[in-house]
Structure formats: C-alpha cells, structure tokens
Amino acid sequence: MSGDSKEFWGPNILICITGASRGFGRAIVKTIAEHLIEVLKMQPDNLTFLVTARSSTLLSELKNDLLSTFGIKNVEVISGSIEGSDTLQNLHHSMEKLRDNNNFDHVMLIHNAATIGDPSKKTDQYTVENMKELDEYARINMSSMIILTGSFIKIFKRIAKVNIINISSLVAFQALEGLSIYGAYKAARDNFMKCVAHENASIKVLNYAPGPLQTDMLETVRSQGYLAQLFKDGSILTPDQSAKKMILLLERNTYENGAHVDYFELE
C-alpha cells in the first residue's frame with residue numbers, strides 16, 4: 001500500500017462511530033481495522049475505537065471480534081439509544097477521557113446511526129396524532145447528531161487532523177414514495193455537515209452515500225411493493241464493498257470539504 005495511505009491515517013488514531021453494532025456500521029469498523037492492521041501494518045495499540053449502538057450484546061461481540069481477529073484492545077463501548085441524554089453524556093465523557101489519556105494525531109467521527117421510519121406511510125398520512133412519533137424521529141436522526149458533532153469538535157479542537165463523515169443517502173436528493181421523512185432528515189444532515197465544513201476549515205467533512213446495501217433496513221424498504229422495483233438483486237451492494245470504497249475516498253482526499261459523494265460516483 002502506498003505511503004500516501006499511511007500518511008492519511010497517521011500513527012495514532014481514534015475512530016468514533018454510531019450505529020456500530022450491525023449492518024453498515026459494523027462493516028465500517030471491521031473494514032477499517034482490517035485495512036489499518038493487515039494492509040497498512042499499523043500496530044494494534046495505535047488504533048482506538050469508540051463504538052455506540054443500542055445493543056450492548058452486539059457491541060460486546062464486536063469488541064471481542066476486534067481483539068481476537070486484529071489484536072485491537074482499545075475499544076470503548078457505549079450502549080444505549082443515541083437520542084437519550086444519558087447516552088450523549090456518556091459519549092461526551094468518554095471522548096474527554098480518551099483525549100486526556102492518549103496522544104492522538106488523527107480523530108474521526110462517523111455518523112452512521114439512523115432509522116428508516118415507516119416506509120408504508122406516505123406524506124398525506126401524517127396527522128397531529130403522529131407528533132410524538134415525529135419528535136422521536138427527529139431526536140434519533142438529527143438532534144443527537146448535532147449534539148454529538150458539537151461535543152466532538154470542542155473536545156478534539158486541538159488535534160492536528162479531524163475528519164467527520166455523515167452516512168448519507170441518494171434520498172437526500174431524490175424523492176421516493178414512502179421515504180419522505182427519511183429523505184428530509186438525510187437532506188438536513190447533509191446541509192448541517194456543509195455548515196460544519198464552512199465554519200471549521202481545518203476539519204475535513206464528507207457526506208457519503210453508500211448505495212443500496214444488503215442490510216435489515218433495505219429489507220424493510222424492499223418489503224413495500226412500490227419500492228421493490230428499485231432494489232433488484234443486481235444493484236445491491238454488500239456493506240463491506242461500500243466500506244472499502246469509503247476508505248478509498250477518504251485516503252484520496254480529493255473531495256470538496258462538505259461534499260456529498262455517492263458510491264457510484266467513484267471509480
């Protein structure tokens with residue numbers, strides 16, 4: 001592997017990722033670990049993960065897997081729903097502790113956690129009775145992301161190299177039946193990240209659309225008849241495929257700060 005790849009990552013790295021227990025989040029964690037430890041030959045002690053998701057059991061399995069497969073011991077686990085104040089506070093305190101006890105050259109935050117909502121519900125089916133549901137959706141998919149981003153920037157403002165990646169989607173730009181709320185918040189997250197880039201020139205920000213992935217979320221969407229034709233088997237990617245493409249994109253580092261880049265735009 002080229003020296004440029006090693007130079008991008010640096011000698012001592014922290015990767016923070018939400019929604020890490022399964023699907024694309026888990027694939028990102030394991031693909032980064034494999035790339036850094038087995039391809040770039042980084043020492044496992046120089047790589048730290050901070051992972052969060054709802055399932056403590058799945059996170060523990062991921063932590064054990066990183067140790068047994070790659071020898072990575074430095075894995076901090078925060079379990080809980082991302083919209084909960086306790087979870088966000090625990091993440092804040094964990095990031096402070098990691099900063100104070102390490103000498104990181106490069107820190108990275110990956111916003112992967114998201115929910116699809118109810119893809120059977122179209123725009124004219126939302127009423128005042130859905131207000132609580134919509135408020136909860138906003139906390140999970142937007143408010144928590146804003147708060148965590150703010151904490152991350154403040155805590156690591158003196159670190160030499162900082163990346164923030166928002167896992168976006170085609171529906172941030174393209175309207176699809178049943179995905180109005182999901183698409184609206186994906187678009188909002190993209191724009192928030194553009195503002196982060198605008199306000200913080202030293203932080204490299206990416207909105208990455210990973211393409212249609214073979215995950216539980218896709219199965220939920222594909223189960224709706226009016227969306228089934230969009231997800232033919234030939235167009236479905238594995239999470240590992242897209243995670244590898246995201247790593248390549250980051251290492252090339254040629255995208256405009258705050259840009260939205262889709263899997264299928266990359267060679």
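Up top is the structure.
Residues numbered from 1 in each chain as written. Predicted model: local features only at pLDDT ≥ 70, side-chain atom pairs only at ≥ 80, totals over all residues. Heavy atoms only, no water.

(A) Examining the sheet that holds strand S4 (residues 106–111) more closely. In space, the 7 strands of this open sheet follow the order S3-S2-S1-S4-S5-S6-S7, with parallel pairing throughout. Of all strands in the sheet, those bounded by a partner on one side alone are strand S3 (75–79) and strand S7 (259–262). Within this sheet the neighbouring strands show an average axis-to-axis angle of 15°, counted without direction. Strand direction decides the pairing type here: strand S6 (residues 203–209) and S7, joined by 4 bridges, are parallel. Within S7, the position partnered with Ala209 by the bridge is Asp262. Against the sheet, helix H2 (residues 23–39) contacts strand S1 (13–18), strand S2 (47–53), S4, strand S5 (161–167) and S6, and its axis sits at roughly 175° relative to S2. (Pairing = 2+ DSSP bridges. Helix = DSSP H or I, 4+ residues; strand = E, 2+ residues; numbered from the N terminus. Axes fitted to C-alpha atoms, helices over the stretch in contact; angles between N-to-C directions. Contact = heavy atoms within 4.5 Å.)

(B) Quick look at the side chain of Asn12. By the element assignment, Asn12 lies in the loop between helix H1 (3–9) and S1. Dropping the residues within four chain positions of it, Asn12 is found in contact with Asn46, Asn103, Phe104, Asp105 and His106.

(C) The packing of aromatic side chains, seen in detail. Counted by the stated rule, this structure contains 4 aromatic pairs. Above the face of the Tyr255 ring, Lys204 is positioned so that its terminal group lies 4.1 Å from the ring centre. In this arrangement the basic side chain of Lys245 is found over the ring face of Tyr263, its NZ or CZ atom lying 3.9 Å from the centre. (Phe/Tyr/Trp six-rings, centres within 6.5 Å; stacked < 30°, edge-to-face > 60°. Lys NZ or Arg CZ within 6 Å of the ring centre and 35° of its normal.)

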